[in-house]
Amino acid sequence: ICLIDLINFINLINLINIININDMKRKKVEAIDPAVPGVPTDLETAGLFGKVKEISQTIYKAHNKSGEVIQGKIENDYSFYDKNFIVSYSDKGRIVTLQQFGKDGKHVKTYDHKSRMIEDLTYKKDVLERIQIHKFSDKDQMLELKSTKADGTLEHHYIHSYNEHGKQIDDKVYQGADAKLTEYTIREYDDRWNLISAIKYDADKNIKHKTLMKWTEHNKWAERLMETYKDGKAVDGDRMTMKYNDH
């Protein structure tokens, strides 16, 4: 078999096999009004033009049988979540849903009008296993990430807080069916809003991890100390220092 033909066939299998593009045009047609002024649409970011509604892609194995390349089974191991997918777009070119398929199941992700993922459903053999919900502020800051089992039982719940300058000041982690606080982190900043400390505590207010930062007068970090604690004592740590030239 001709090597070029083999390469071309594999490229066809890997890149465009079972790809369905509704009303897709390879030349630029009328502009799609962006949902966010000044920000490229998801279609434009993907290099697509026109009013594309949905794209599906499935990757198959290629086999050489008696000198002939034939199509094999679907490639669906753990690394193929990003390669086997169905993605749909809104009239304004923003991603609406993304389904990713792998060996053990699939993810079904839903996005808002700013292309932020707000829901991620995990299926195992077509059975819903996990639900993840993301909440954002008007400034695109992640406020909450909540993960539950299909029956509603809480797995973990992250809550982030910010100050008026948009800096994250603390986050809390709740876990288990009783939504018990398991750890929280408090951050502090200098008068130029450079992070100078981030300390993680357990539910009993014992330090678990500590990060301390020092900064130059030009707001470049000069030193970072990271320590892990156990039973109130630092058991592991790492210190890094940075030096800068005049340029």
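The rules behind these values
- Residues numbered from 1 in each chain as written.
- Predicted model: local features only at pLDDT ≥ 70, side-chain atom pairs only at ≥ 80, totals over all residues.
- Heavy atoms only, no water.
- Helix = DSSP H or I, 4+ residues; strand = E, 2+ residues; numbered from the N terminus.
- Buried < 20%, exposed > 50% of the residue type's maximum accessible area, 1.4 Å probe, protein only.
- Contact = heavy atoms within 4.5 Å.
- Areas by Shrake-Rupley, 256 points an atom, 1.4 Å probe, with all protein chains shown as cover.
- Polar contact = N/O pair within 3.5 Å; in protein donor to acceptor, adjacent residues only side chain to side chain.
- Pairing = 2+ DSSP bridges.
- Salt bridge = Lys/Arg side-chain N within 4 Å of Asp/Glu carboxyl O.
- Core = buried A, V, L, I, M, F, W, Y, C linked by side-chain atoms within 4.5 Å.
- Phe/Tyr/Trp six-rings, centres within 6.5 Å; stacked < 30°, edge-to-face > 60°.
- Lys NZ or Arg CZ within 6 Å of the ring centre and 35° of its normal.
- pLDDT = per-residue confidence, 0-100.

Student: Explain the overall build of the chain here, please?
Tutor: In terms of helices and strands, the chain carries two helices and 16 strands. Sorting the 247 residues of the chain into buried and exposed places 33% on the buried side. Considering only contacts in the chain between residues 6 or more positions apart, those separated by 24 or more positions represent 26%. Of the roughly 16100 Å² of accessible surface on the chain, a fraction of 51% belongs to carbon and sulfur atoms.

Student: It is not clear to me how the environment of Lys 114 should be interpreted in this structure. Could you clarify?
Tutor: Among the structural elements, Lys 114 can be located in the loop between β6 (105-111) and β7 (117-124). Owing to a relative accessible area of 30%, Lys 114 belongs among the partly exposed residues under this scheme. Taking the C-alpha atoms as reference points, Lys 114 and Val 39, 75 residues apart in sequence, are found 9.7 Å from one another. Reaching out from Lys 114, the side chain makes a polar contact with the side chain of Asp 140 at a distance of 3.5 Å.

Student: How do you make sense of the pairing of strand β15 (residues 221-230) when you look at a structure like this?
Tutor: The two faces of a sheet get side chains in turn, since along a regular strand they alternate between them. Pairing between strand β14 (residues 207-215) and β15: seven bridges, direction antiparallel. Note that in β15 the partner of Trp 215 across the bridge is Trp 221. Here β14 folds back onto β15, and the loop between the two strands holds five residues, one of which, Asn 219, carries a positive phi near 65 degrees. One ladder, built from eight bridges, connects β15 with strand β16 (residues 233-241); its direction is antiparallel. Looking at β16, one finds that Glu 227 is bridged to Gly 237. Linking two consecutive strands that pair antiparallel, namely β15 and β16, is a turn of two residues; a positive phi of about 55 degrees is found at Asp 231 within it.

Student: Explain the pattern of salt bridges to me, please; I cannot follow it from the model alone.
Tutor: When the charged atoms of two side chains with opposite charge come close together, those side chains can pair. If you walk through the whole model with that rule in mind, you get eleven salt bridges. Between Glu 129 and Arg 130 there is a salt bridge whose closest N-O contact spans 3.7 Å. Under the relative-accessibility criterion, Arg 130 is labelled partly exposed at 26%. If you follow the salt bridges from partner to partner, you end up with Asp 112, Lys 114, Arg 116 and Asp 140 in one network.

Student: How do you make sense of the nonpolar core when you look at a structure like this?
Tutor: Within soluble globular proteins, side chains that are nonpolar generally end up buried alongside one another. One finds Leu 43, Leu 48, Val 52, Ile 55, Phe 85, Val 87, Tyr 89, Ile 95, Leu 98, Tyr 111 and Met 117 forming the largest nonpolar core, which totals eleven residues. Broken down by secondary-structure element, the contributors of at least two residues to this core are β4 (85-89) and β5 (95-101). With three residues, β4 is the largest single contributor of residues to this core.

Student: What's the story with the packing of aromatic side chains in this structure? I'm lost.
Tutor: How two aromatic rings sit relative to each other is set out by the distance from centre to centre and by the angle between their planes. The full count for this structure, using the stated rule, is two aromatic pairs. Judged by centre distance (5.2 Å) and plane angle (20 degrees), the rings of Tyr 184 and Tyr 201 are stacked. With Tyr 184 in strand β12 (residues 180-189) and Tyr 201 in strand β13 (residues 195-202), the pair connects residues that are 17 residues apart, well separated along the chain. Like Tyr 184, the residue Tyr 201 is buried in the burial classification. Consider the rings of Tyr 189 and Trp 193, whose centres lie 6.1 Å apart with planes at 55 degrees: the pair is tilted. When the ring centre of Tyr 123 is taken as origin, the NZ or CZ atom of Lys 106, which lies over that ring, is 5.1 Å away.

Student: What am I meant to see in the confidence of the model for the chain here?
Tutor: Segments scoring low in pLDDT should not have their predicted coordinates read at a detailed level. For the chain, mean pLDDT is 83; residues scoring 70 or higher make up 82% of the total. Contacts from residues 1-34, a stretch scored under 50 in pLDDT, to residues over four places away or in other chains number 61 contacts.

Student: Whenever I open this one, the pairing of strand β10 (residues 154-162) confuses me. Can you help?
Tutor: The pairing of strand β9 (residues 142-149) with β10 spans five bridges and is classified as antiparallel. Residue pairing in the sheet places Ser 147 in a bridge with His 156 of β10. Hairpin connection of β9 to β10: four residues between the antiparallel strands, including Gly 152 at a positive phi of 95 degrees. What sits between β10 and strand β11 (residues 168-175) in their antiparallel hairpin is a turn of five residues, with Gly 166 showing a positive phi close to 85 degrees.

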